[in-house]
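# Chain and residue survey
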Amino acid sequence: MKILRSIGAVVAGFVAVVVLALLTDAVLMATHVFPAMEHPELYTDTLYVLITFYTALYSAVGAYLTARLAPSRPITHALVLGVLGLLSSTLGAIAMWSKATGHEWYPVSLVLIAIPTCWLGGWLYVRQRSRA
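I will try to describe carefully the structure that is included in this document. From a predicted model like this one, the values you see are computed outputs, not experimental measurements.

Basis of the calculations
- Residues numbered from 1 in each chain as written.
- Predicted model: local features only at pLDDT ≥ 70, side-chain atom pairs only at ≥ 80, totals over all residues.
- Heavy atoms only, no water.
- Helix = DSSP H or I, 4+ residues; strand = E, 2+ residues; numbered from the N terminus.
- Buried < 20%, exposed > 50% of the residue type's maximum accessible area, 1.4 Å probe, protein only.
- Contact = heavy atoms within 4.5 Å.
- Phe/Tyr/Trp six-rings, centres within 6.5 Å; stacked < 30°, edge-to-face > 60°.
- Polar contact = N/O pair within 3.5 Å; in protein donor to acceptor, adjacent residues only side chain to side chain.
- Patch = residues over 30% accessible without salt bridge, like charges linked within 9 Å, V, L, I, M, F, W, Y side chains within 5 Å.
- Areas by Shrake-Rupley, 256 points an atom, 1.4 Å probe, with all protein chains shown as cover.
- Salt bridge = Lys/Arg side-chain N within 4 Å of Asp/Glu carboxyl O.
- Expected span 1.5 Å × (residues − 1).
- Core = buried A, V, L, I, M, F, W, Y, C linked by side-chain atoms within 4.5 Å.

Within the secondary structure, Leu69 sits in helix α2 (residues 45-69). Given a relative accessible area of 34%, Leu69 falls into the partly exposed group. Sequence separation between Leu69 and Gly13 is 56 residues; the distance between their C-alpha atoms is 8.9 Å. Setting aside residues up to four positions removed in sequence, Leu69 forms contacts with Arg5, Ala9 and Ala12.

Tallying each qualifying case throughout the model produces eight aromatic pairs. Plain terms: the ring middles of Tyr48 and Trp105 are 6.4 Å apart, the flat faces sit at 90° to each other, and that makes the pair edge-to-face. With Tyr48 in helix α2 and Trp105 in helix α4 (residues 105-131), the pair connects residues that are 57 residues apart, well separated along the chain. Here Tyr48 falls in the buried class, since its relative accessible area comes to 10%. Among the aromatic side chains, those forming a connected cluster through ring pairs are Phe34, Tyr43, Tyr48, Trp105 and Tyr106.

Here the focus is the side chain of Thr52. You can see Thr52 is positioned in helix α2. By relative accessible area, which is 14% here, Thr52 ends up buried. Reaching out from Thr52, the side chain makes a polar contact with the backbone oxygen of Tyr48 at a distance of 2.7 Å. When sequence neighbours within four positions are dropped, the list of residues in contact with Thr52 reads Trp105, Tyr106, Ser109 and Ile113.

With that out of the way, let us pick up a nonpolar patch on the surface. Residues Met1, Ile3, Leu4, Ile7, Val11, Val15, Val19 and Leu23 make up a contiguous nonpolar surface patch of about 810 Å² in total accessible area. Considering the arrangement of structural elements, one finds Met1 in the segment before α1 (2-30). Classification of Met1 by relative accessible area gives exposed; the value is 74%.

Here the focus is α1. Structural remark: α-helix, 3.6 residues per turn; residues separated by three or four positions point the same way. With 29 residues, α1 extends 42 Å from end C-alpha to end C-alpha; this agrees with the ideal 42 Å at 1.5 Å per step. Taken together, the buried positions of α1 are occupied by Ser6, Ala9, Val10, Gly13, Ala16, Val17, Ala21, Thr24 and Leu28. Those residues of α1 that are buried lie in contact with α2 and α3 (74-96). Following α1 by one or two positions, His32 has its phi on the positive side, about 65°.

Of all hydrophobic cores here, the largest spans 14 residues; its most connected members are Phe34, Tyr43, Tyr48, Ile51, Tyr54, Tyr58 and Tyr106. Sorting the residues of this core by element identifies α1, α2 and α4 as the ones contributing at least two each. Considering every element that reaches this core, the biggest residue donor is α2, with six residues. If sequence neighbours within four positions are ignored, Tyr58 has contacts with Val17, Leu20, Ala21 and Thr24. One finds Val10, Ala63, Ala78 and Cys118 within the second-largest nonpolar core, a separate group that totals five residues.

Pasting the structure below:
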């Protein structure tokens, strides 16, 4: 039963990150902050910085949630989420590399922030819990 709670905690954190990012993307497209999906060539470095920022924020939030739901070792669970983020970011970088012309730093940044942001989310949870 503990393993199911562990898996559920990581899945919940992953789903939270994906849903938050997709909702933010949709809002930014609807408000014309982002260009339409059909025009990825219109994305600027500034927009990619914005995306990187909220991806980092949502990764920390997802890891915090994972740590909170974990039956034990909250930071370890948050780091497992970070490894999933690392793997999915790496696969995304490989798949999208040719489309990131001029912005190759962006997929690399997602790979680089995956584990540190998840560690931060887990650490924030543990810190808050220890102060309570």
